[in-house]
Amino acid sequence: MITGSEMAVVDENAAALGVPRVQLMESSGNAVAEVVDRVADDDASVTVVAGRGNNAGDAFVAARFLDQYNLRVLLLGRPETITTDIARQNWAALERAEYETEQIRDASQFELRDPDVVVDAMLGTGISGELREPARTAAEAMNDGAATVVSVDVPSGMDAEDGTLAETAVDADEVVTFHDTKPGLADLDAGVTVADIGIPDAAETFVERGDLLRLSRDQSSHKGDSGEVLVIGGGPYTGAPALSAQAALRAGADLVRVACPRAVARELQGYSENLIVRSFDGDHLAPLHVDGLLDLAADHDTVVFGPGLGDEAATLDAVADFLEAYDGTAVVDADALQVVPDLDTDAELLCTPHQGELRAMGGETADDWRERAELVTRFAAQLDQTILVKGVYDIVSDGEHTRINRTGNAGMTVGGTGDVLAGITGALAAVQPLRHAAAVGAYTAGRAGDIVVEENGFGLVATDLLDAIPKALWTEND
């Protein structure tokens, strides 16, 4: 089963892999026509009632396979308001071929007449809630009439995220859905056909630009709504926590604070005026600091734990004490990773080891990415946490869902890129489930590195990635 929003990600990932949307729409439309053929008599009249999205585009394609019927195609709106180019092109193809098409500008113009079959393509998986006019009037006519109703993907008025039906929803007799079933379809008193439209499994395995559709920015949001991140690091090293904190800001977090030993606080503050530094006594993290850090962490959405902390015994004891007492969300990186396997914690952890660190944690690795993915999946299930294993192919798994990221390049073997990744994932984990934060974080860090190399060639340093993060996250890529 797949939700409507997840289906949008998969569609875009398929396009990124080289499967054109127009090809998927052609397959979808053909699948709809096959179901209409199955339920319609040879001399049947068929009316297509279409909205203005890709759902309608599928129906416009289907109409071209239904020439043997007495066919009518109704568009609820004006052609110029069809929301996607490929749906608009398929409408134009019907008009140029002189199919019987009509434009319904308002509810008073709608007349279903008395067809034998109605194709409901008014609203797709991206729309929920009560139907608005003229779709509402059209749905009432479908529900009151005697025609067999074939809905495209989901009945108009069904929420494809949770399967709920609006009171004004279409009461379908048949549903043709694509790639996988959607929430709520199994509960309908309707036949459901799940059509394979040629989306490769790789569209769900590999992290691609479609995964960026998970991100959004509410124009009415206030400071803090996009996440507050606490980076706990520093002592032996100051650059690492500074990189993580700046990366979190570049990845969209509203506020990022760095908790570090007082001995390095001034030096760390000097990296950027954007950093908010909260210091604690001494020159390294120790158990006596844990209670204060827990209080500080309670005011943040996520914690990034580990950059630059070092591996003194007292520091590792403090890491374990903190994570066992913490019940929030934390990205664990660098030396802090080694305490994770022995923890008893209620926290949700995203661990970001490279392959050497993974082995030190007790995990296994392999040269082939497929075998490595299986090993990481098993280890994530054993830990009951999410893992992002860095490598030529990054492996992300929570023990149940496993994704592969292929962005990045050989220039990113330079020190500090892992600290950047930790900061990006910390910001994303404030607003996304951990497995999505990890996948998008890996994709973003790698793509930022690719952007830098495309612009400047090899010889990049970790700070080069910071300015490329917004481009990697928020701009289109081919």
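Note that the structure is a prediction, hence the values are computed from the model and not measured.

Participant: Whenever I open this one, the sheet that holds strand E4 (residues 117–121) confuses me. Can you help?
Facilitator: As a general point, the strands of a sheet are linked pairwise by backbone hydrogen bonds and lie either parallel or antiparallel. Taken in spatial order, the seven strands of this open sheet run E3-E2-E1-E4-E5-E6-E7, and their pairing is parallel. The strands lining the two open edges of the sheet, one partner per strand, are strand E3 (101–104) and strand E7 (191–195). Each adjacent strand pair in this sheet contributes to an overall mean axis angle of 20 degrees, direction not counted. The pairing of strand E5 (residues 148–152) with strand E6 (residues 174–178) spans three bridges and is classified as parallel.

Participant: Would you take a moment to explain empty space enclosed by the protein for this structure?
Facilitator: The probe, sized like a water molecule, is rolled over the atoms to show the empty space still left. What the rule picks out here adds up to one cavity of 30 Å³ or more. Roughly 40 Å³ of volume is contained in the largest cavity. Considering the residues around the largest cavity, the lining is formed by Val396, His401, Thr402, Arg403, Arg435, His436 and Ala439. Those elements that place two or more of their residues in the lining of the largest cavity are strand E17 (402–405) and helix H14 (434–456). The dominant element in the lining of the largest cavity, judged by the number of residues it contributes, is H14, at three residues. Classifying every residue of the lining of the largest cavity gives two nonpolar, three polar and two charged.

Participant: Explain the layout of surface pockets to me, please; I cannot follow it from the model alone.
Facilitator: Size it by volume and the largest pocket reaches roughly 1100 Å³. In terms of lining, the largest pocket is formed by 42 residues, of which the most central are Gly53, Asn54, Asn55, Gly124 and Ile127. Those elements that provide at least two residues to the lining of the largest pocket are helix H1 (4–16), helix H2 (21–39) and helix H3 (54–64). Among the elements that line the lining of the largest pocket, the one with the most residues is H1, at five residues. Residues belonging to the lining of the largest pocket are distributed by class as follows: 16 nonpolar, 15 polar and 11 charged. Put simply, the second largest pocket is a space of about 660 Å³. The wall of the second largest pocket is formed by 31 residues, among which Lys390, Met412, Thr413, Thr417 and Gly418 lie closest to the centre. Examining the composition of the lining of the second largest pocket, we find that four residues originate from one element, helix H13 (residues 417–429), more than from any other. Split into classes, the residues belonging to the lining of the second largest pocket amount to 11 nonpolar, 13 polar and seven charged.

Participant: Sorry if this is basic, but what is going on with the side chain of aspartate 159 here?
Facilitator: The residue aspartate 159 is located in the loop between E5 and E6 in this model. Put simply, aspartate 159 is tucked away with no salt bridge, and the nearest opposite charge, on lysine 182, sits 12 Å away. Beyond its immediate stretch of four places on either side in the chain, aspartate 159 contacts Ser128, Thr164 and Pro183.

Participant: Explain the sheet that holds strand E8 (residues 206–207) here, please?
Facilitator: Spatially, the 10 strands line up as an open sheet ordered E8-E17-E16-E15-E14-E13-E12-E9-E10-E11, and their pairing is mixed. Taken across any chain shown, the strands that pair with only one partner, and hence form the sheet edges, are E8 and strand E11 (276–280). One ladder, built from four bridges, connects strand E9 (residues 228–232) with strand E12 (residues 302–305); its direction is parallel. Following the sheet pairing, valine 231 is matched in E12 by valine 304. Sitting on the sheet, helix H7 (residues 239–250) touches E9 and strand E10 (255–261), and the angle it makes with E10 is about 170 degrees. H14 rests against E8, strand E13 (329–332), strand E14 (348–351), strand E15 (386–389), strand E16 (394–397) and E17 of the sheet, and its axis sits at about 10 degrees to E15.

Participant: How do you make sense of the nonpolar core when you look at a structure like this?
Facilitator: Nonpolar side chains in soluble globular proteins generally cluster together in the buried interior. One finds Val420, Ile424 and Ile469 to be the most contacted residues of the largest nonpolar core, which totals 53 residues. At the level of secondary structure, the elements contributing two or more residues to this core comprise E9, H7, E10, helix H8 (262–269), H13, H14 and helix H15 (462–474). Apart from residues lying up to four places away in sequence, valine 420 is in contact with Leu243, Ala247, Ala462, Leu465, Leu466 and Ile469.

The rules behind these values
Residues numbered from 1 in each chain as written. Predicted model: local features only at pLDDT ≥ 70, side-chain atom pairs only at ≥ 80, totals over all residues. Heavy atoms only, no water. Pairing = 2+ DSSP bridges. Helix = DSSP H or I, 4+ residues; strand = E, 2+ residues; numbered from the N terminus. Axes fitted to C-alpha atoms, helices over the stretch in contact; angles between N-to-C directions. 1 Å grid on protein atoms, 1.4 Å probe; cavity = no way out; pocket = protein on both sides within 12 Å on 5 of 7 lines; lining within 4 Å. Points joined across faces, edges and corners; volume = space filled by probe spheres on them. Nonpolar A, V, L, I, M, F, W, Y, C, P; charged D, E, K, R; others polar. Buried < 20%, exposed > 50% of the residue type's maximum accessible area, 1.4 Å probe, protein only. Lys, Arg positive; Asp, Glu negative; His and termini not counted. Salt bridge = Lys/Arg side-chain N within 4 Å of Asp/Glu carboxyl O. Contact = heavy atoms within 4.5 Å. Core = buried A, V, L, I, M, F, W, Y, C linked by side-chain atoms within 4.5 Å.

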